[in-house]
Amino acid sequence: TAAGVAALFVMVSAKDAATLRVLGTPKGRTQAILLLQQAVPCAVGLVLGAAVVLGYLGIARPDLWEALAGAALWRAAAYLAGAALGAALSAVAVTGKNPLEMLQVKE
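In short, a report on the structure. (Residues numbered from 1 in each chain as written. Predicted model: local features only at pLDDT ≥ 70, side-chain atom pairs only at ≥ 80, totals over all residues. Heavy atoms only, no water.)

Here we take up the overall build of the protein. Each helix and strand in the protein was counted, giving 5 helices and 0 strands. Mapped from its N terminus to its C terminus, the protein presents α and β elements in the order α-α-α-α-α. A compact globule built from 107 residues would reach a C-alpha radius of gyration of about 13 Å, whereas the protein, at 18 Å, exceeds it by more than 25%. Seen through its C-alpha atoms, the protein measures out along the principal axes to roughly 60 × 25 × 15 Å. As displayed, the protein offers around 7100 Å² of accessible surface, 70% of which is attributable to carbon and sulfur atoms. Put simply, the protein has 8 plus and 5 minus side-chain charges, and the middle of one group is 9 Å from the middle of the other. (Helix = DSSP H or I, 4+ residues; strand = E, 2+ residues; numbered from the N terminus. Rg over C-alpha atoms; globule rule 2.2 N^0.38 Å. Areas by Shrake-Rupley, 256 points an atom, 1.4 Å probe, with all protein chains shown as cover. Lys, Arg positive; Asp, Glu negative; His and termini not counted. Charge placed at Lys NZ, Arg CZ, Asp CG, Glu CD.)

So, in C-alpha cells, the structure goes:
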C-alpha cells in the first residue's frame, strides 16, 4: 500500500520532473528530488504518529505498551521502506522518459 501511494504521488508530479529535466537538472538530482518529496513527509508523519500513539498507550495502558511498542515500530519501519521503494522506482520510471514528450499534451 505504501509503495503504491508513493508511486501515485510521484506520477502526479511527472510534469514537474519533466520541467526540471528540460531546464537542465541532471537525472540523478531529479530522481533524488522526487524521492525526497515523498520520503521526508512520510518519515515525519510516521515519527509523529508513532510518538503520539505510543505515548498515549504508555499513559493509558502501560502493560500493553511493552507488548506492542516493538511490533509497532517494526511495522512503521516496513511502511517507510515500502514508501521509499515505491517512490524510488517510480522516480526512475518518470525520469527515464523523454521530458519534451512528457510536457506535450496528447489528444
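Counting through the fold element by element, Gln38 comes out in helix H3 (residues 27–60). Taking the relative accessible area as the measure of exposure, Gln38 reaches 17% and is therefore buried. Gln38 has contacts with Ala6, Phe9, Val10 and Ala87, leaving out every residue within four places of it along the chain. (Buried < 20%, exposed > 50% of the residue type's maximum accessible area, 1.4 Å probe, protein only. Contact = heavy atoms within 4.5 Å.)

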